[in-house]
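The lines below spell out each chain.
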Amino acid sequence: MSTPVKVAVTGAAGQIGYSLLFRLASGALLGPDTPIELRLLEITPALKALEGVVMELDDCAFPTLAGVEIGDDATKVFDGVNLALLVGARPRGPGMERGDLLEANGGIFAPQGKALNEVAAEDIRVTVTGNPANTNALIAMSNAPDIPQSRFSALTRLDHNRAISQLAAKLGVPVTEITKMTIWGNHSATQYPDLFHAEVSGRNAAEAVGDQDWLANTFIPTVAKRGAAIIEARGSSSAASAASATIDHARTWLQGTPEGDWVSMSVVSDGSYGVAEGLISSFPVTVANGEWSIVQGLDIDDFSRGKIDASVAELAEEREAVKELGLI
Ligand code: NDP
């Protein structure tokens, strides 16, 4: 077996962590021939619970799990890591304003960005799952000046997967028939799942659906509000699907996209499609040799333009807010 890949997970004792760690350890990310070393970060009060999770990891005797380290000090836990999955974040509490939420998360993601900058491996790749994911990624990236900006990303793969699943169900086809799905903008209720460029068995998805009312008034809100629907049904937020999407995202980043398809990733904008430079926004991307590229040349009609602009405006407001707070 080769040298273990060091993967950091923050918020490791949380709900998403509980689904994520066992899949990482079992080879779902790197395959059966690559050993993985887990570096698990938690806040001090959650370390005891995390010790229990590590006992369960031990009890699985995963052949690919080469080691586990836990701690509450980011500079120790992130030392030499190749991949950082930043899941732990401060959830919005009762009566909490957006500014408070951004400030609380700045207190988490600014120091984590600095720690990664200081101690992570040369090939570090960072994925933020913890919400508000796009702006948390912006904060981490801005505090890690020595890491290329292209190594930071935020998760919109769960929205992407939800969109594929909804479309496949509507058309009665397997999910494998859906390609070129795109989520644009922010991982929030303003996100725009785009069927105008998606394909079903090679045919344009919007045409295959042939029902603009379903697209605008059922599909888009169902995808954008799926998280709330799961909370309503399950009594707590989606965790296994968020963990699964985090693995999908990281695996695609490491292994690449198949010919003729793309995925949605929130990455730093170079100004493509009128998205202000420097924002971490979701785009259609292809990946080859561990590097993502934004798919170029897609026609954006007025309907899509309005939806993309609205979500990007929210990202720009969040960036202004964290700038004012001195977090970036
Ligand atoms: P979860 O594991 O359920 O969620 C973690 C984060 O992922 C939340 O910000 C959540 O956002 C976000 N998220 C992104 N996509 C989704 C999705 N589709 N569904 C649900 N959540 C999503 O939270 P827990 O409270 O169970 O666990 C968080 C853990 O993080 C705790 O153990 C806490 O101690 C830890 N933590 C660790 C830190 C650190 O390592 N330094 C810092 C802060 C917290 P949303 O809130 O919007 O649902």
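Residues numbered from 1 in each chain as written. Predicted model: local features only at pLDDT ≥ 70, side-chain atom pairs only at ≥ 80, totals over all residues. Heavy atoms only, no water.

Is there a simple way to think about the site of the ligand in this case?
Lining the immediate environment of the ligand, one finds 25 residues, of which Gln15, Ile16, Glu42, Leu158 and Ser238 sit closest. Compared with its free state, where it exposes 900 Å², the ligand has 78% of that area covered by protein. The pocket occupied by the ligand, as judged from atoms lying within 2 Å of grid points, is the largest pocket. If you list the elements that add at least two residues to the shell around the ligand, you get α1 (15–25), α4 (98–119) and α6 (157–171). Looking at the shell around the ligand residue by residue, the classes come out as eleven nonpolar, twelve polar and two charged. The two domains that each donate at least three residues to the shell around the ligand are domain 1 (5–154) and domain 2 (156–320). (Near = heavy atom within 4 Å. Areas by Shrake-Rupley, 256 points an atom, 1.4 Å probe, with all protein chains shown as cover. 1 Å grid on protein atoms, 1.4 Å probe; cavity = no way out; pocket = protein on both sides within 12 Å on 5 of 7 lines; lining within 4 Å. Sits in = over half its atoms within 2 Å of the grid points. Helix = DSSP H or I, 4+ residues; strand = E, 2+ residues; numbered from the N terminus. Nonpolar A, V, L, I, M, F, W, Y, C, P; charged D, E, K, R; others polar. Domains from an automatic or database assignment.)

Can you walk me through the side chain of Ser238 in this structure?
Structurally, Ser238 is set in the loop between α9 (226–234) and α10 (240–255). Only 3.3 Å separates the side chain of Ser238 from the side chain of Arg162, close enough to count as a polar contact. For Ser238, the contacting residues outside a window of four places in its chain are Ile16, Leu158, Arg162 and Ile230. (Polar contact = N/O pair within 3.5 Å; in protein donor to acceptor, adjacent residues only side chain to side chain. Contact = heavy atoms within 4.5 Å.)

Would you explain the UniProt feature "binding site: NAD(+)" (unreviewed entry) in the protein in this entry?
This chain's UniProt record puts "binding site: NAD(+)" (unreviewed entry) on Gly11, Ala12, Ala13, Gly14, Gln15, Ile16, Gly17, Asn105, Gln112, Thr129, Gly130 and Asn131. Checking the annotated residues one by one, the ones that line the largest pocket turn out to be Gly11, Gly14, Gln15, Ile16, Gly17, Thr129, Gly130 and Asn131. Setting aside anything within four residues of it in sequence, one finds Ala12 in contact with Gly17, Tyr18, Leu21, Leu40, Leu41, Glu42 and Leu50. Checked against the element boundaries, Gly17 lands in helix α1. Sequence-distant contacts of Gly17, that is, excluding residues within four places in its chain, are made with Gly11 and Ala12. (UniProt positions renumbered as here; feature names shortened; annotations may be inferred.)

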